[in-house]
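Chains, contacts and geometry: an overview
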Amino acid sequence: MSAFVCEPPRYAAFERLKTALSAPSSPPPLRATGLACLDQALEGGLPRGCLVALEGRASSGRYALAAYLLARATRNGFAAICDDGSWYPPALAQAGVDLNRLLIVPGSEPLALLRSADLLIRGGAMALVVVPPLRARPALWRRLRSLAQNHATWALALAATPLEDGLALAADVQLRAQLEAPRWSATPAPLTQFLGYDVRIDVLRARHVRGRRSAYISAVA
Amino acid sequence: MATILCIDIPACLPSERGQWDALLDACDSLSPLLDDDRPGRVFAQMRGALGTSQQWMDLAREVCAAHGYRAHVGIGPNRFVAGVVARYADGACWEEPQCAQRLAPLPLAALAIDPAIIERLSLLGVQTLGALAALPHGPFVRRFGAVAATWHSRARGIDATPLRPRARRCSIEASLLGEGSVTTHDQVLFALRSVIAQVVADCERAGLRAGRLDVHFEMENGDAEDVPVAFAAPTADARTLFDVVRARLEGHQFEAPISTLRIRLHEFDEGGQDIALFADESHDPQVLAATLGRLRARHGAPVQRAHVQEAHLLEHRYKYDAFPAAVVQKSTGVALPDEAFIPQLRLLRVREVQVLVAHGAPASVDGRRVCAVAGPWRVNDGWFEAPMPRDEYDVQFEDATLARIYRQGGVWYLRATYD
């Protein structure tokens, strides 16, 4: 009578593999964004080297958040924007962006803008690359994500709501910006002034964050 | 005794650097001490040279004529006076005792100072060097600062600025030619690698690093093409040189097979330790140069950098220039504001909109009801040419979109949204 017996060394290796696979994966190294409430919502910050999709409708504060991250990135390194002509440099400077360390790659075609982002991330010199709202094939977004992961770069894709499927599936982190309330001065017209707005950032999906969480931020004009 | 000869060639452009360098080499026959002040102007110390001042000037003119330039020449006892003589009294030689008297009727522009200062002085009634020289030294310097002491001295024909000997220009180049034509991308890279190895060996021998290089291609059909390549920091590393040049040539199309390849290095720096440009980060600055090169090869235009400037109109408050490969140091020295979460104006393509006005303020824009308004702010740029005031408003639509609109010449436009 014969019985199937696992050889001890192979059995031990198999057990080790099983244990390793079932163990919770180690949390990715996180980089704080600097906005305390957003870092709290993100449970520490954004993983270094990832594709972040930031969706929202017009006037939702997407560009304000992107400008803030650009300001952080240009403190010690370089950042880039693939510009479809909508960025306003004086407002970027006001947000603290070091324009001497910000590369602006102009373009109008979605594919050309994504190619520029591809080159910028592949170059490895950028801390953050911002892509404007555009429609692209899912494969292109997946490529951008893998490049960002391999080169430890933040790729921030701005998008309209609702997020297109390709970007939603490819993004490591999915954020949604929503305008809570614009703020106007109480002075009567014509002395009324636009003072800013309150924005809610929802963390819709991030591998290291459990459940949905939100951050409330005030933007001051 | 007046011994400083100035050769001034107003027609020499900075872009004619090669021709100017050749002329300077030829000027070595005039004097062993040349000071090439700027492209188009050189000073020569003629003390101890044979001949008279007239012969020196004739010789200088001959040398310039041989290089296709018509020169203004002048001789003076110091650098400033020699320069003024060449500019305002071509072919003259001013001796020391007469200088102040001859300078007196000349305009203040002879001092080569800021036009705004000249305007200020003119408002005070000072329009000539003589009038400036007549001002009391102490009060004038107290009012215009320490640099005014130099202007005052120069207006009296006194200038202690020494001549700075011209730096010896070093040339490192290597070529590959006449060994069959190159038709494929790999062959070009192979040839580049060999030529770069040669120039790097020369650099190492001379203890130099290059900040820029020119790749010169000659094609079988007789065409030639120059590709300038800039580096983030001077380097003599073969791998870096090759990577940046390769990035710059990515996607480059040549019309015909290449028959000659030449590389010439420029902007040398003394060898030694590499400069730590990313003191707080471990980035290799050449990586940025390679990225810029790749993007330029891809788009055919350089990557841009924005500058903010003072202006009235939104669209005039910034401008772009090419992002330089060498800008890797920490910013400009101007303190940056702290990072802040600030609403960003998002520029739209300007389009005309239909606006209904109630009580003097926009009430609806293209049928969208306006809930809140701020403004107007009147901007009247160019009022002295064609008055066309612009009234700008910040508005909030009922769907909470925030926008910047303006009215100009009775027509309303949508300019930007806040995001």
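Residues numbered from 1 in each chain as written. Chains lettered and ligands numbered in written order. Predicted model: local features only at pLDDT ≥ 70, side-chain atom pairs only at ≥ 80, totals over all residues. Heavy atoms only, no water.

**Re the overall build of chain A**
For clarity, the threshold we go by: A run of H or I in DSSP becomes a helix once it reaches four residues, and a run of E becomes a strand once it reaches two; helices and strands are each numbered from the N terminus. Throughout, radius of gyration means the C-alpha value; the globule benchmark is 2.2 Å times the number of residues raised to the power 0.38. Here's how the labels work: a residue is buried when its accessible area is under 20% of the maximum for its type, exposed when over 50%, partly exposed in between, all with a 1.4 Å probe on protein chains only. The contact rule is simple, with two residues in contact once any of their heavy atoms fall within 4.5 Å. To measure how exposed things are, a 1.4 Å probe is used in the Shrake-Rupley method; for residues, cover is taken only from the protein chains shown. Think of it this way: Lys and Arg go in the positive column, Asp and Glu in the negative one, and His and the chain ends go nowhere. Where a charge lies is defined by one atom per residue type, namely NZ (Lys), CZ (Arg), CG (Asp) and CD (Glu).
For chain A, the helix and strand inventory stands at seven helices and 10 strands. Relative to a compact globule of 221 residues, whose C-alpha radius of gyration would be 17 Å, chain A shows 21 Å and is clearly more extended. Summarising its shape, the C-alpha atoms of chain A cover approximately 100 × 35 × 35 Å along the three principal directions. Among the 221 residues that make up chain A, the fraction classed as buried is 53%. Counting only contacts in chain A whose residues sit at least 6 apart along the sequence, the fraction spanning at least 24 positions is 64%. Accessible area of chain A: about 10,000 Å², with a carbon and sulfur share of 55%. Counting 25 positive and 16 negative side-chain charges, chain A places the averaged centre of each group 4 Å from the other.

**Here we look at the environment of Phe80 of chain B**
Residues and elements named next belong to chain B. Locating Phe80 in the fold gives a position in helix α3 (residues 79-88). The spatial distance from the C-alpha of Phe80 to the C-alpha of Thr150 is 11 Å, given a sequence separation of 70 residues. Excluding residues within four positions of it along the chain, Phe80 makes contact with Leu103, Ala110, Leu111, Arg154 and Asp159.

**Side note on the packing of aromatic side chains**
What counts is decided by this rule: Under the pairing criterion, centres of Phe, Tyr and Trp rings, with the six-membered ring standing for Trp, must be within 6.5 Å; the plane angle then separates stacked pairs below 30 degrees from edge-to-face pairs above 60, leaving the rest tilted. Two conditions define a charge sitting above a ring: the NZ of Lys or the CZ of Arg must be within 6 Å of the ring centre, and it must be within 35 degrees of the ring normal.
This model, assessed by the stated rule, comprises 13 aromatic pairs over all chains. Joined through ring pairs, the aromatic side chains of Trp184, Phe194 and Tyr197 of chain A together with Tyr418 of chain B make up one cluster. Positioned over the ring face of Phe78 of chain A is Arg101 of chain A, at 5.1 Å from the centre of the ring. One cation-aromatic arrangement involves Arg390 of chain B over Tyr406 of chain B; the distance from NZ or CZ to the ring centre is 4.0 Å.

**With respect to the state of the cysteines**
Quick note on the threshold: When the sulfur atoms of two cysteines come within 2.5 Å, that pair is taken as a disulfide.
Using the criterion set out here, one finds zero disulfides over all chains in the structure. You can see Cys82 of chain A has no disulfide; the closest cysteine sulfur is in Cys50 of chain A, sitting 16 Å from it.

**A short note on the interface of chain B and chain A**
Counted only if it meets this: Once two parts are brought into contact, the accessible area they lose, counted with a 1.4 Å probe and summed over both, makes up the buried area. Salt bridge, as used here: a side-chain nitrogen of Lys or Arg that lies within 4 Å of a carboxyl oxygen of Asp or Glu. Between N or O atoms, a polar contact is any pair within 3.5 Å; within protein, one atom must be a potential hydrogen donor and the other a potential acceptor, and residues adjacent in sequence are included only when both atoms are from side chains.
The interface of chain B with chain A comprises 54 residues on the first partner and 66 residues on the second. The junction of chain B with chain A conceals about 5,300 Å² of combined surface from both sides, 62% of it contributed by carbon and sulfur atoms. Looking at the side of chain B facing chain A, the largest losses of area belong to Glu339, Phe341 and Asp419 of chain B, adding up to 16% of the total buried there. Taken together, the connections running from chain B to chain A amount to two salt bridges. Remark: the boundary between chain B and chain A carries 18 residue pairs in polar contact (both at pLDDT 80 or more). Looking at the side of chain B that touches chain A, the elements that each hand over two or more residues are α11 (285-299), β9 (304-308), β10 (318-322), β11 (345-353), β14 (368-379) and β15 (390-397) of chain B. The element best represented in the side of chain B that touches chain A is α11 of chain B, accounting for eight residues.

**Some thoughts on the side chain of Ser59 of chain A**
One can find Ser59 of chain A in the loop between β3 (50-55) and α3 (62-76). A relative accessible area of 0% places Ser59 of chain A in the buried class. At 2.8 Å, the side chain of Ser59 of chain A and the backbone oxygen of Tyr418 of chain B are in polar contact.

**Observations concerning the packing of helix α7 (residues 137-144) of chain B against helix α8 (residues 147-155) of chain B**
Residue and element names in this part refer to chain B. The criterion, for reference: Axis definition: a line fitted to C-alpha atoms, over the contacting stretch in the case of helices. Angles run 0 to 180 degrees between N-to-C directions. Here the word oblique covers every angle except those under 35 degrees (roughly parallel), over 145 (roughly antiparallel) and from 65 to 115 (roughly perpendicular). By convention, the crossing between two helices is left-handed when the near helix turns anticlockwise from the far helix through less than a right angle, and right-handed when the turn is clockwise. Residues are grouped as follows: Ala, Val, Leu, Ile, Met, Phe, Trp, Tyr, Cys and Pro are nonpolar; Asp, Glu, Lys and Arg are charged; every other residue, Gly included, is polar.
Closest axis-to-axis distance for the α7/α8 pair is 7 Å, and the angle between their directions is 140°. What the angle tells us is that α7 and α8 run oblique. In this structure, α7 crosses over α8, and the sense of that crossing is right-handed. Taking contact as the criterion, the partners of His137, Phe140, Val141 and Phe144 in α7 are, on α8, Val147, Ala148, Ala149, Trp151 and His152. Across the contact of α7 with α8, the residue classes tally to seven nonpolar, two polar and no charged.

**Topic: the sheet that holds strand β2 (residues 34-38) of chain B**
All names here are of chain B. For clarity, the threshold we go by: Only strands joined by at least two bridges in the DSSP assignment are considered to pair.
The strand order across the open sheet formed by four strands is β2-β3-β1-β4, and the pairing between neighbours is antiparallel. The sheet terminates laterally at β2 and β4 (72-76), the two strands that pair on one side only. If you compare each strand with its neighbour and ignore which way they point, the axes differ by 20° on average. Lying over the sheet, helix α2 (residues 53-66) contacts β1 (4-8) and β4, oriented at roughly 150° with respect to β4. Sitting on the sheet, α3 touches β1, β2, β3 (41-45) and β4, and the angle it makes with β4 is about 145°.

**A few points about the packing of helix α10 (residues 238-249) of chain B against α11 of chain B**
Pairs of packed helices are described in terms of their axes, by the angle between the two and the distance that separates them. All names here are of chain B. Where α10 contacts α11, the axes come no closer than 7 Å and their chain directions differ by 20°. When the interaxial angle is binned, α10 and α11 end up roughly parallel. Along this stretch, α10 crosses α11, giving a crossing that reads as right-handed. Where α10 approaches α11, its residues Thr240, Val244, Ala247 and Arg248 are matched on the opposing element by Gln286, Ala289, Ala290, Gly293, Arg294, Arg296 and Ala297. Residues that form the contact of α10 with α11 fall into these classes: five nonpolar, three polar and three charged.

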